[in-house]
Amino acid sequence: MLNVESIQNGVVIDHIPAGKGMDIYRLLELESKTQSVALLQSVKSQKYGCKDLIKIEGETLPERLDILGYLDSQITLIVIRDGKVSKKYHPVPPQRLVNVIKCKNPRCITSIETSCDHIFELSPSGRYRCLYCNQEMPVGR
Amino acid sequence: MRHLIDSLDLSVAETQEILDLADRIAADSAAYAHCADGKILATLFYEPSTRTRLSFETAMLNLGGRTLGFAGAEQCSATKGETVADTARVVSCYADIIAMRHPKEGAPLRASMYSRIPVINAGDGGHNHPTQTMIDLLTIRQRKGHLDHLKIGFCGDLKFGRTVHSLVNSLVRYPGNEFYFISPEELKVPEYLIEDTLKPAKAPYHEISSLEETLPELDVLYMTRVQKERFFNEEDYIRLKDIYILDQEKLNLAKADMPVLHPLPRVDEIAPEVDADPRAAYFQQVLNGKFIRMALILSLLDLTDPVTGKKVFLC
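An account of the accompanying structure is given in this report.

**Overview of unusual backbone geometry**
The omega angle of the peptide bond from B:Leu264 to B:Pro265 is 5°, so this bond is cis rather than trans. With respect to the helices and strands, the residue B:Pro265 is situated in the loop between β9 (260–261) and α11 (282–300). For A:Asn134, which is not a glycine, the phi torsion comes out positive at approximately 70°. Note that A:Asn134 resides in the segment after β8 (128–130). Since its relative accessible area comes to 25%, A:Asn134 is described here as partly exposed. Backbone geometry at B:Asp302 places phi at a positive 60°, although glycine is not the residue there. Here B:Asp302 shows up in the segment after α11. Assessed through its relative accessible area of 28%, B:Asp302 is described here as partly exposed.

This is the structure we're talking about:
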């Protein structure tokens, strides 16, 4: 069993489906952060059998943590303050996703317009649709 | 500043204001002949259109304004790779209002994000066509006297038919409307229209394939053309293009006051013999197109209605 030191202040992204940890690491652009980050893959989990996990040390939480709510409802965010759990929650799917997924509709303006953000909004039916063309994207969560 | 990208950009009350204004313009066009003196409409049409572009230009000319623009992507800087965003920024320096048609869905929305002047969506691919929707609403209201508690049938290409999607989105906001979608399996209404529009509104709807069986039920029939330009596969187009043809024999099954609407152009889906039937409302729609576009230009330019002395709605 690999041991990674506990963090005093920061956030733990727990219950990431096994194999998705690196995708989340990249989506949150953690490679560009100067704070300490640990990515653990294929950790044994009583609840899910196997999971990935990310620990991020620091007072400032990464931006775009809300996109985790879109990626998988089982993900748990654990905020640590002074070595203790101050908050534990499942992130709620955000109202809007910017450049997280790409619209694949060949008739959409995003298919030809340069420097155009790919924006998806949560519809009343709980699905994400392209802001420009309303296309629902088949996404591999 | 307001744009019109989707028919839902206007509330039910604002829609009513526009329809009322269009009726006033139709009743006394001369009173509106100088409303937009000195104003310029830019018609940015990236794909062919006769009726819509001419209708916009006629509307602006009838308000006393002038027009400029292009009709076809090959005539503009898009061929040099200019983005819609940049074109909108540039045209904002020359004109007071834009009407944009584009084959790509969402292009007018993109333009509105960068434009300093109002943008009207004149049709974006198979997506939205809000001015056509306003025309359809006006025509239905003129024929039926109201927009609620109607049984409305949509027939033909309901998958790519943008006018259908926009009209359903608008009509679902009026109580008691019931929708009949008559199409082949391949051209059914998109699932998002059902999931995000009809179901949340608890609007009753039926997906059926027989026009003849449905006709006696309907208060309004909206026919559409199977659009060749929306198909990637020519074989599919040829197989589906003549699947529904409304002729006098079928129309005899319908109620005596059931208007037949069609956004035009038609190909074979309405037989010419139907034109003489008083229920044919599609040429009335064309005329209404001019009045609706005059009403929208006047409103979005935040001009004063010379008849009422008031602005239509807060821009």
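**Regarding the interface of chain A and chain B**
By a widespread convention, an interface's size corresponds to the accessible area lost as its parts come together. The interface of chain A with chain B comprises 21 residues on the first partner and 21 residues on the second. Taken together, the two surfaces of chain A and chain B that pack against each other cover about 1,700 Å², and 51% of this comes from carbon and sulfur. The largest share of the area that chain A buries against chain B comes from A:Arg107, A:Glu113 and A:Tyr132, three residues that together contribute 39% of it. Put simply, chain A and chain B have 3 salt bridges between them. Where A:Arg127 meets B:Glu191, a salt bridge forms, and the shortest distance between an N and an O atom there is 2.5 Å. Counting every contact that joins chain A to chain B gives 15 residue pairs in polar contact (both at pLDDT 80 or more).

**What about the sheet that holds strand β4 (residues 119–124) of chain B?**
Residues and elements named next belong to chain B. The sheet built from 4 strands is open, its strands ordered β2-β1-β3-β4 with parallel pairing. What marks the edges here is a single partner per strand, and that holds for β2 (66–71) and β4. Geometrically, the sheet is characterised by an average inter-axis angle of 10° between neighbouring strands, direction not taken into account. Across 5 bridges, the pairing between strand β1 (residues 40–45) and strand β3 (residues 97–102) is parallel. What sits directly across from Thr43, in β3, is Ala99. Helix-sheet contacts for helix α4 (residues 107–114) involve β3 and β4, and the interaxial angle to β4 is about 160°.

Definitions and limits used
Residues numbered from 1 in each chain as written. Chains lettered and ligands numbered in written order. Predicted model: local features only at pLDDT ≥ 70, side-chain atom pairs only at ≥ 80, totals over all residues. Heavy atoms only, no water. Helix = DSSP H or I, 4+ residues; strand = E, 2+ residues; numbered from the N terminus. Buried < 20%, exposed > 50% of the residue type's maximum accessible area, 1.4 Å probe, protein only. Contact = heavy atoms within 4.5 Å. Buried area = accessible area lost by both parts, 1.4 Å probe. Salt bridge = Lys/Arg side-chain N within 4 Å of Asp/Glu carboxyl O. Polar contact = N/O pair within 3.5 Å; in protein donor to acceptor, adjacent residues only side chain to side chain. Pairing = 2+ DSSP bridges. Axes fitted to C-alpha atoms, helices over the stretch in contact; angles between N-to-C directions.

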